[in-house]
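Reading the structure
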Amino acid sequence: MPKKCVVCFSRGNLRRYAGHFPWLKASICRTCEAEGAEPLGLILLWISVRGGPEACADAGEGWVTYRPPNYVGWDAIRLLYIQEIDGMLSLIKSELGQEDANAIKSGLPSRLQ
Ligand SMILES: [Zn+2]
């Protein structure tokens, strides 16, 4: 198992991650697990493929992630999405190509479903 928490990157009290993204092979610390926190990058991708923060506001209400020094909820995650999505999309564009980047941005993933 990875030796750092997938949410906060701490090294203590790790156990197997068993959260919202069941395919994710990762470790999570006891504190993040108790908070119900999920990895920020995956939450942002989840928002993106569902058409952005407005389109998934209802489903997004329950998200919690870690932004030092606090655990934060949907309001903070929504703002982080607005700040971070362009960088994420440019990474996806360089790794997967323009078509997939456009598909994710539009919320209509083609072969990335
Ligand atoms: Zn943690």
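Throughout this document, residue positions are counted from 1 along each chain, in the order its sequence is written. Local features are withheld for residues below a pLDDT of 70 in this predicted model, meaning they are given only at 70 or higher, and side-chain atom pairs are given and counted only at 80 or more; totals for whole chains, interfaces and linings count all residues.

1. What about the overall build of the chain?
Rule in force here: Working definition: helices are DSSP H or I runs of at least four residues, strands are E runs of at least two. Numbering for both runs from the N terminus. It is over C-alpha atoms that the radius of gyration is taken, and the globule rule equals 2.2 Å times the number of residues to the power 0.38. By the convention adopted here, residues are in contact when the distance between their C-beta atoms, placed from the backbone, does not exceed 7 Å.
Along the backbone of the chain there are five helices and four strands. Sequence-ordered secondary structure for the chain, helices as α and strands as β, is β-β-α-α-α-β-β-α-α. A globule of 113 residues ought to have a C-alpha radius of gyration of about 13 Å, and the chain, at 14 Å, matches this closely. Taken along its principal axes, the extent of the C-alpha atoms in the chain is 40 × 30 × 20 Å. Sequence-distant contacts in the chain: of pairs separated by 6 or more residues, those separated by 24 or more amount to 42%.

2. Focus: the nonpolar core
Note on soluble globular proteins: their nonpolar side chains tend to be buried together. So the rule is basically this: Take the buried Ala, Val, Leu, Ile, Met, Phe, Trp, Tyr and Cys residues, join any whose C-beta atoms are within 7 Å, and the set you get is a nonpolar core. Any residue surrounded by 20 or more other C-beta atoms within 10 Å of its C-beta is treated as buried, while 12 or fewer makes it exposed and the intermediate range makes it partly exposed; C-beta atoms here are placed from the backbone.
With 11 residues, the main nonpolar core is built from Cys5, Val6, Val7, Cys8, Leu14, Tyr17, Ile28, Cys29, Cys32, Ala37 and Tyr66. Leave out the neighbours within four places in its chain, and Cys5 touches Ser10, Leu14, Ser27, Ile28, Cys29 and Cys32. Counting seven residues, the second largest nonpolar core, distinct from the first, contains Ile43, Trp63, Ile77 and Tyr81.

3. Focus: the environment of Trp63
Mapped onto the secondary structure, Trp63 falls in the loop between helix H3 (57-60) and strand S3 (65-67). Overall, Trp63 belongs to the buried group, with 21 C-beta atoms counted inside 10 Å. For Trp63 and Ile28, which are 35 residues apart along the polypeptide, the C-alpha to C-alpha distance reads 16 Å. With residues near it in sequence (within four places) discarded, Trp63 still touches Glu38, Ile43, Gly73, Trp74 and Ile77.

4. Considerations on the domain arrangement of the chain
Where we set the bar: Domain delimitation in this document rests on an assignment produced automatically or drawn from a domain database. Gly is placed with the polar residues, together with every amino acid not listed as nonpolar (Ala, Val, Leu, Ile, Met, Phe, Trp, Tyr, Cys and Pro) or charged (Asp, Glu, Lys and Arg).
Each assigned domain of the chain is listed here: domain 1 (1-31) and domain 2 (38-106). Using only C-alpha atoms to locate each centre, domain 1 and domain 2 end up separated by 20 Å. The partner domain 2 presents five residues to the six residues of domain 1 that form the contact. Here the side of domain 1 that touches domain 2 is built from residues that sort into four nonpolar, two polar and no charged.

5. Quick word on the packing of helix H2 (residues 40-49) against helix H4 (residues 74-96)
What counts, and what does not: Note on geometry: axes are lines fitted to C-alpha atoms, helical ones only across the stretch in contact, with angles between N-to-C directions running from 0 to 180 degrees. By the definition adopted for this analysis, an angle is roughly parallel if under 35 degrees, roughly antiparallel if over 145, roughly perpendicular if from 65 to 115, and oblique otherwise.
In contact at an axis separation of 10 Å, H2 and H4 are set at 85 degrees when each is read in the N-to-C sense. In terms of orientation, H2 lies roughly perpendicular with respect to H4. Across the interface between the two elements, Leu40, Ile43, Leu44, Ile47 and Ser48 of H2 pack against Ile77, Leu80, Tyr81, Glu84, Ile85 and Met88 of H4. Split into classes, the residues belonging to the contact of H2 with H4 amount to nine nonpolar, one polar and one charged.

6. Observations regarding H2
The test is simple: Relevant arc is that of directions from the helix axis to the C-beta atoms, nothing else.
Burial in H2 covers these residues: Leu40, Ile43, Ile47 and Ser48. Along the axis of H2, the buried positions cluster into a sector of 140 degrees, meaning they face one direction only.

7. As for unusual backbone geometry
Looking along the chain, the bond that leaves Pro68 and enters Pro69 is cis, with omega of 5 degrees. Phi at Asn13 takes a positive value of approximately 55 degrees, unusual for a residue other than glycine. The topology assignment puts Asn13 in the segment before strand S1 (14-16).

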